[in-house]
Amino acid sequence: RLRGRAASGIIFVANAALSIAASSGDMSAVSEILALLHESDVDINTESIKYVIQALGNIGDCEAILALLICLRGQSFANDILKERYSVDILESIPKNSTPVIEEE
């Protein structure tokens, strides 16, 4: 697993690419970028998640945005929806010890 400056450089470039893909709603590109990060053993960060949400918003898939938010609570069924629709595996892309990212109050 890459750590420190090595990982931060890769995630910085990946987030720039995600930003571009998100602006046009290109979920195929989003999926490819996330897959490359996973292959490089680099976890996504909150900025990455923001761009995934933006991409889903730009294509009008509110149900997938809700699934993503539920997924961030550690719910695998919601992750399955994202994998089925867009080949995006959020739970595989975030640090294992970070779920749930969003906690109930």
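The text that follows walks through the structure, step by step, so that each part is easy to find. Owing to the predicted nature of the structure, the values given are computational and were not obtained by experimental measurement. Per-chain numbering applies: the sequence of each chain, read as written, is numbered from 1 onward. Local features in this predicted model are restricted to residues of pLDDT 70 or higher, and side-chain atom pairs are both shown and tallied only at a pLDDT of 80 or more, whereas totals for entire chains, interfaces and linings draw on every residue. Excluded from the side-chain calculation are hydrogens and water; included are all heavy atoms of the structure.

### Some points on the packing of helix H4 (residues 62-71) against helix H5 (residues 76-86)
Where H4 meets H5, the closest approach of the two axes is 7 Å, and the angle between their N-to-C directions is 135 degrees. Compared by their axis directions, H4 and H5 come out oblique. Crossing hand, H4 versus H5: left-handed. Here Glu63, Ala64, Ala67, Leu68, Ile70 and Cys71 of H4 come into contact with H5, specifically with Phe77, Ala78, Asn79, Ile81, Leu82, Arg85 and Tyr86. Amino acids outside the nonpolar list (Ala, Val, Leu, Ile, Met, Phe, Trp, Tyr, Cys, Pro) and the charged list (Asp, Glu, Lys, Arg) are all regarded as polar, and Gly is one of them. For the contact of H4 with H5, the residue count by class is 10 nonpolar, one polar and two charged. Note on geometry: axes are C-alpha line fits, over the in-contact stretch for helices, and angles between N-to-C directions span 0 to 180 degrees. Every helix listed is a DSSP run of H or I at least four residues long, and every strand listed is a run of E at least two residues long, numbered separately from the N terminus. For classification, angles of less than 35 degrees are called roughly parallel, those exceeding 145 degrees roughly antiparallel, those between 65 and 115 degrees roughly perpendicular, and all remaining angles oblique. Each crossing gets its handedness from the near helix: less than a right angle anticlockwise from the far helix is left-handed, clockwise is right-handed. Contacts are residue-level and defined by heavy atoms, with any inter-residue pair within 4.5 Å sufficient.

### Quick notes on the nonpolar core
Among the nonpolar cores identified, the biggest contains 29 residues, and Val30, Leu34, Leu37, Leu56, Leu68 and Ile90 are the most heavily contacted of them. Taken together, the elements giving at least two residues each to this core come down to helix H1 (4-24), helix H2 (27-39), helix H3 (46-58), H4 and H5. In this description, a nonpolar core means a group of buried Ala, Val, Leu, Ile, Met, Phe, Trp, Tyr and Cys residues linked to one another through side-chain atoms lying within 4.5 Å. In this scheme, a residue with accessible area under 20% of its type's maximum is buried, one over 50% is exposed, and one in between is partly exposed, where area comes from a 1.4 Å probe on protein chains only.

### Details of the side chain of Asn79
Mapped onto the elements of the fold, Asn79 is located in helix H5. What makes Asn79 buried here is its relative accessible area of 4%. Only 2.9 Å separates the side chain of Asn79 from the backbone nitrogen of Ile90, close enough to count as a polar contact. Any pair of N or O atoms that falls within 3.5 Å is considered a polar contact. Within protein, one atom must be able to donate a hydrogen and the other to accept it, and sequence-neighbouring residues count only if both atoms are side-chain atoms.

### Some thoughts on unusual backbone geometry
The residue Asp41 is not glycine, and still its phi comes out positive at about 65 degrees. When you line up the elements, Asp41 lands in the loop between H2 and H3. A relative accessible area of 29% places Asp41 in the partly exposed class. Unlike most non-glycine residues, Ser87 shows phi in positive territory, near 55 degrees. Structurally, Ser87 can be placed in the loop between H5 and helix H6 (90-93). You can call Ser87 exposed: its relative accessible area is 54%.

### Topic: the packing of H3 against H4
It is at 8 Å that the axes of H3 and H4 come closest, and there the two elements cross at 160 degrees. Here H3 is positioned roughly antiparallel relative to H4, judged by the angle of their axes. The way H3 lies across H4 gives a crossing that is right-handed. Between H3, through Ile49, Val52, Ile53, Leu56 and Gly57, and H4, the contact on the second element is made entirely by Ala64, Ile65, Leu68 and Leu69. The class makeup of the residues in the contact of H3 with H4 is eight nonpolar, one polar and no charged.

### Here's the deal with the pattern of salt bridges
Definition used for salt bridges: Asp or Glu carboxyl oxygen within 4 Å of a side-chain nitrogen of Lys or Arg. According to the stated counting rule, one finds three salt bridges in the structure shown. The residue Arg85 makes a salt bridge to Asp61 at a minimum N-O spacing of 3.0 Å. Placement of Arg85 in helix H5 and of Asp61 in the loop between H3 and H4 is noted, with a sequence separation of 24 residues between them. For Asp61, a relative accessible area of 12% translates into the label buried. Of the charged contacts in the structure, one is a salt bridge between Arg85 and Glu63, with a shortest N-O distance of 2.5 Å. Taken together, the residues Arg85 in helix H5 and Glu63 in helix H4 connect sequence positions 22 residues apart.

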